[in-house]
Amino acid sequence: MKKNWKIVINNFKSLDFPDDINEFYCDSFFENKRNEYIQKYKKSSSEIDYYTNSVVPSFKKFDNAISFMEPLIADCHFTELCIKSFDGLAPGFLAELKIAKIVVDEQVKEIPACIFKDDKFLKEVTLNEGLKTIGDEAFAGCRNLKAICIPSTVNKIGSNICGNCIFLESIKVCEKNEYYISFNSNIIVNKANMQIIQGCYKSAFPNTIKSIGERAFYGLPLLKTIELPDSLVKISKKAFYGCINLEKISLPSSIQCIDDYAFSEISQNAIISYRK
């Protein structure tokens, strides 16, 4: 006898599926108004036709690791979701789920580029030990994200991973990380060249910093004043682009290069001074 798992989900925290379930219907997880299940998904299948002939990802099982995909969870309202695989998830899809908290499972090795981009609902993310790579703009535009902590195992971080995260106020790197450091200053610094690759409006600038990377402080309207350290020699392209309320900039005499658009689209009343 087949099991029809039909439930209405509202603000649940998590779901665990027994291993003996081998069939999921498309409408299993939201109210079915058609009075029948149009299509069904089997573990042995990787994709289905959903209502029309268009092929869309629905549900996959990766060695007992569950990955939720459209349209299986359409119309569900999550408060927290643990992601065990990003396979098949397109940038923008997770934003449609309106999830406030994301936990990345320990088996995930890479956060894809742009995967959370412009997710205005995301407030909290927990990255896993074992993670190796964070792609370009992975969390860019997550305007309500307030904190991020880089695990010790991360060895590659892309550009502008938190650009335009306007309320981001806490950036930490695990002390055991061999490649990056935060100096307890709400920044991510590449140890190899002492370059800031990501900051926030509450960042400080330690006197060990050599350069500020491309788009490191991109689109931060709450950033108003910066005093850059005497160790600084370079400010990269668009480093402070779009910091529309940045009004006071103190540059050291050590500075040798300021790239294109480094201070474009800042306050029209900005005062830039050079220290001797």
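Residues numbered from 1 in each chain as written. Predicted model: local features only at pLDDT ≥ 70, side-chain atom pairs only at ≥ 80, totals over all residues. Heavy atoms only, no water.

Caption draft 1: Region of interest: the packing of aromatic side chains. In this structure the tally under the stated criterion is six aromatic pairs. Pairing Phe116 with Phe139 gives two aromatic rings, centres 5.0 Å apart and planes at 5 degrees, and the pair type is stacked. Taken as a pair, Phe116 in the loop between β9 (110-111) and β10 (124-126) and Phe139 in the loop between β11 (133-134) and β12 (147-150) lie far apart in primary sequence, 23 residues in all. Considered together, Phe116 and Phe139 belong to a single accessibility category, that of buried residues. Look at Phe205 and Phe217: their rings are 5.5 Å apart centre to centre, the planes differ by 40 degrees, and that puts the pair in the tilted class. Pair noted here: Phe205 is in the loop between β17 (195-198) and β18 (211-212) and Phe217 is in the loop between β18 and β19 (225-227), with a separation of twelve residues, a long-range link. Assessed through its relative accessible area of 14%, Phe205 is described here as buried. (Phe/Tyr/Trp six-rings, centres within 6.5 Å; stacked < 30°, edge-to-face > 60°. Helix = DSSP H or I, 4+ residues; strand = E, 2+ residues; numbered from the N terminus. Buried < 20%, exposed > 50% of the residue type's maximum accessible area, 1.4 Å probe, protein only.)

Caption draft 2: Quick look at the nonpolar core. Ranked by internal contacts, the top residues of the largest apolar core, which has 37 residues, are Phe86, Leu94, Ile111, Phe116, Leu127, Ile134 and Phe139. Breaking this core down by element, the ones donating at least two residues are β7 (80-83), α1 (93-96), β8 (101-104), β12 and β14 (170-173). Aside from chain neighbours lying at most four places away, what touches Ile134 is Ile111, Leu127, Phe139, Ile150, Val154, Lys156, Ile157, Gly158 and Ile161. If you look at the next biggest cluster of nonpolar residues, it comprises 25 residues, including Met194, Leu228, Ile235 and Ile266. (Core = buried A, V, L, I, M, F, W, Y, C linked by side-chain atoms within 4.5 Å. Contact = heavy atoms within 4.5 Å.)

Caption draft 3: Spatial organisation of a nonpolar patch on the surface. Together, Ile258, Ile272 and Tyr274 make up a nonpolar patch on the protein surface, roughly 300 Å² of accessible area in all. Examined against the element boundaries, Ile258 turns out to sit in strand β22 (residues 257-258). What makes Ile258 partly exposed here is its relative accessible area of 35%. (Patch = residues over 30% accessible without salt bridge, like charges linked within 9 Å, V, L, I, M, F, W, Y side chains within 5 Å. Areas by Shrake-Rupley, 256 points an atom, 1.4 Å probe, with all protein chains shown as cover. Salt bridge = Lys/Arg side-chain N within 4 Å of Asp/Glu carboxyl O.)

Caption draft 4: View of the sheet that holds strand β21 (residues 248-251). Read across the sheet, three strands follow the order β19-β21-β23 without closing on themselves; strand pairing throughout is parallel. The two strands at the open ends of the sheet, each matched to only one other strand, are β19 and β23 (271-274). When strand polarity is set aside, the average angle formed by the axes of neighbouring strands in this sheet is 10 degrees. Bridge count for β21 against β23 is four bridges, and the pairing is parallel. For Ser250, the partnering residue across the bridge sits in β23 and is Ser273. (Pairing = 2+ DSSP bridges. Axes fitted to C-alpha atoms, helices over the stretch in contact; angles between N-to-C directions.)

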